[in-house]
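If you want the building blocks of each chain, they are given just below.
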Amino acid sequence: MPAPAPAPAGEGAAERAFPQGFVWGTATASYQIEGAAAEDGRTPSIWDTYSHTPGKVAGGDNGDVADDHYHRFREDIAIMKRLGLASYRFSVAWPRITPQVGPDALGPVNEAGLAFYSTLVDELIAAGIEPAVTLYHWDLPQALEDAGGWTARATAERFAEYAEVVAGALGDRVRTFITLNEPWCSAYLGYASGVHAPGRTEPAAALAAVHHLNLAHGLGAAAVRRAAPGARVALTLNLAWVRTEGSSDADHDAVRRVDGLQNRVFLDPVLRGSYPADVLADTAEVTDWSFVLDGDVELIHQPLDVLGVNYYSPTVVRAWDGSGPRAEADGHGASSHSPWVGSHHLIEFPELPGPKTDMGWSIDARGMTELLLRIHREHPGLEVMVTENGAAYPDVVVGGRVHDLERTRYLRDHLHAVLDAVDAGAPVTGYYLWSFLDNFEWGYGYSKRFGVVHVDYTTQERTLKDSALWYSAVVARNAVPVETAG
């Protein structure tokens, strides 16, 4: 597919430059794009099971075929190369690597599964694109969920063994391994609100999952370093910029509660070696946290080379006094069960005025700056990368083009927000746009399009959107224009 030349910023156009060596990339996740769900030895993940359960995913969609990236990855890499991308962040599907895993043993390694990712890495490198590997982006083997999933300590132990296998196979060519993507979603949306796989609605189980995901990161980080001593270990968190428009003590306490559940319960054990005492107190009526064993926080508190930050939308909260319906515009899907374990009866999320993406998410690029500066302030010297940022819009192909000006504006504003943090001293070294391709958007199926490359799911034809051409020009110039034409 021939690609039009990138749209230049314009001769003499005002622009802001990024630091030399800044890494420009895009990101995807295995279940969202690969397809080939039953090929080459792959066994079901929790998302196979969940998406095939009637009523769980919009339109009855599933990831059986998705973008067929498993067979079309060379075509996709060629598009990345045409766009000038320096790096590509992808995830490995655990069920391809150890398809017979169980709670007591990892099982034999599936060489066909490893070969796919090894070839993908080789093809990326040949195209001049650096691979960045996420080891877990939500596709837990169903056999482990059947034995308790992330509520069970054995899942964290098996994850470390799996991580060592992948790092051992790819670590001679891959410089960065991300242990987990957004464990907040895995724990709370998977085990509390039930809007993500495995679809459980058990508050205590969600908190056990929080801990065992943290433990999986710590054990996995050590495993990667054993198998690939020269590699960098990263963790990706969907941190929330939590604020309130209220002024009462209860409103500010609502901010503290949400910040604890979304941010600090992951940041603190990883970067400080302890769980936040207020979160333990807030959730004491739900669980006694006895699943945290002696020595666990030391295992979690491994040196971290890079923190990945995913940011899309602000989080605005206020106190709820119990009178009238609770406002639930937290952006995390409709469910009668709340992900805000231990605090749902005290907080609400008001609908915000102003522009929104097709996900219904409010747009406020200031949150990007605030989060990056918070990490810089609280953990000075820690390298940070933006590992996801982007927007869904109802794109259509007209005359072979996709004119997605809203997405381009969104990206422009958020890149300026990244630069604002850099200018204030934050050591931000890269940006991965979400997403490279339109794909299976979890519970929303194929109804939401995040890609800068449009995918026709019937023909699998790829079409570069205007935002892809704009992003390509940003990458080429290592600078973002101050204005977007149009």
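Up top is the structure these notes are about.
Summary of the structure given here.

Parameters at a glance
Residues numbered from 1 in each chain as written. Predicted model: local features only at pLDDT ≥ 70, side-chain atom pairs only at ≥ 80, totals over all residues. Heavy atoms only, no water. Buried < 20%, exposed > 50% of the residue type's maximum accessible area, 1.4 Å probe, protein only. Helix = DSSP H or I, 4+ residues; strand = E, 2+ residues; numbered from the N terminus. Pairing = 2+ DSSP bridges. Expected span 1.5 Å × (residues − 1). Contact = heavy atoms within 4.5 Å. Core = buried A, V, L, I, M, F, W, Y, C linked by side-chain atoms within 4.5 Å. Axes fitted to C-alpha atoms, helices over the stretch in contact; angles between N-to-C directions. Parallel < 35°, antiparallel > 145°, perpendicular 65-115°, else oblique. Left-handed = near helix turned anticlockwise from the far one by under 90°. Nonpolar A, V, L, I, M, F, W, Y, C, P; charged D, E, K, R; others polar. Salt bridge = Lys/Arg side-chain N within 4 Å of Asp/Glu carboxyl O.

Looking at the pairing of strand β4 (residues 130–136)
Okay, step 1: Counted residue by residue, β4 has 6 buried out of 7 residues, so it is predominantly covered.
Okay, step 2: Judged from the 4 bridges that link them, β4 and strand β5 (residues 176–181) form a sheet pairing that is parallel. Residue pairing across strands places Ala-132 opposite Thr-176, the latter belonging to β5.

Some thoughts on helix α7 (residues 153–170)
A turn of α-helix holds 3.6 residues, and therefore any two residues three or four places apart point the same way.
Okay, step 1: Look at α7: 26 Å from first C-alpha to last across 18 residues, which is about the 26 Å you get at 1.5 Å a residue.
Okay, step 2: When α7 is considered as a whole, its buried residues turn out to be Ala-154, Thr-155, Ala-156, Arg-158, Phe-159, Ala-160, Tyr-162, Ala-163, Val-166, Ala-167 and Leu-170.
Okay, step 3: Buried-residue contacts for α7 involve α4 (94–97), α5 (111–126), β4, α6 (142–146), β5 and α9 (203–227).

Quick word on the nonpolar core
The nonpolar side chains of a soluble globular protein tend to be buried with one another.
Okay, step 1: Judged by nonpolar contacts, the single largest core of 158 residues is most densely connected at Phe-159, Phe-177, Tyr-188, Val-418 and Tyr-431.
Okay, step 2: Here this core gets 11 residues from one element, more than from any other, and that element is α9.
Okay, step 3: Setting aside chain neighbours within four positions, we find Tyr-431 in contact with Phe-22, Val-23, Trp-24, Gly-25, Val-386, Asn-389, Leu-411, Leu-415, Val-418 and Tyr-471.

Some thoughts on the packing of helix α3 (residues 69–83) against α5
Okay, step 1: Running from amino to carboxyl end, α3 crosses α5 at an angle of 10 degrees, the nearest separation of the two axes being 10 Å. One element, α3, and the other, α5, form an angle in the roughly parallel class. The chirality of how α3 crosses α5 is right-handed. Contacts between α3 and α5 involve His-69, Tyr-70, Phe-73, Arg-74, Ile-77 and Met-80 on the former and, on the latter, Ala-112, Phe-116, Thr-119, Leu-120, Glu-123 and Leu-124.
Okay, step 2: Considering only residue class, the contact of α3 with α5 consists of 8 nonpolar, 2 polar and 2 charged.

Details of helix α14 (residues 405–423)
Okay, step 1: For α14, with 19 residues, the first-to-last C-alpha span of 27 Å sits near the 27 Å given by 1.5 Å per residue.
Okay, step 2: Of the residues trailing α14, Gly-425 is marked for its positive phi of about 105 degrees.

Some remarks on the environment of Leu-219
Okay, step 1: Mapping Leu-219 onto the fold places it in helix α9.
Okay, step 2: Along the primary structure Leu-219 and Gln-302 are separated by 83 residues, whereas in three dimensions their C-alpha atoms are 8.5 Å apart.
Okay, step 3: When neighbours within four sequence positions are excluded, Leu-219 is seen to be in contact with Ala-156, Glu-157, Ala-160 and Leu-299.

Some thoughts on the pattern of salt bridges
Between side chains of opposite charge, pairing is possible as soon as their charged atoms come close.
Okay, step 1: Scanning all chains against the criterion turns up 45 salt bridges.
Okay, step 2: The partner of Asp-253 in a salt bridge is Arg-257, with the nearest N and O atoms 3.1 Å apart. Taken together, the positions of Asp-253 and Arg-257, both in helix α10 (residues 249–271) and 4 residues apart, correspond to about one turn of that helix.
Okay, step 3: Residue Asp-253 is classed as partly exposed on the basis of its relative accessible area, which comes to 29%.
Okay, step 4: Taking relative accessible area as the criterion, Arg-257 reaches 13% and is therefore assigned buried.
Okay, step 5: Note that Arg-256 is salt-bridged to Asp-278, the shortest N-O span being 2.8 Å. On the criterion of sequence distance, the pair formed by Arg-256 in helix α10 and Asp-278 in helix α11 (residues 277–282) is long-range, its members being 22 residues apart.
Okay, step 6: A relative accessible area of 21% places Asp-278 in the partly exposed class.

Topic: unusual backbone geometry
Okay, step 1: In this structure, the amide linkage connecting Ala-197 to the following residue, Pro-198, adopts the cis form with an omega of 10 degrees.
Okay, step 2: Tracing the backbone shows Pro-198 in the loop between α8 (183–191) and α9.
Okay, step 3: Here the amide bond leading from Trp-434 into Ser-435 is cis, since omega sits at 5 degrees, within 30 degrees of zero.
Okay, step 4: The topology assignment puts Ser-435 in the loop between β13 (428–434) and β14 (453–455).
Okay, step 5: Of note, Trp-289 is a non-glycine position whose phi angle comes to about 60 degrees, a positive value.
Okay, step 6: Looking at the secondary structure, you find Trp-289 in the loop between α11 and α12 (296–300).
Okay, step 7: At Trp-442, a position not held by glycine, the phi torsion is positive, near 50 degrees.
Okay, step 8: By the element assignment, Trp-442 lies in the loop between β13 and β14.
Okay, step 9: You can call Trp-442 buried: its relative accessible area is 5%.

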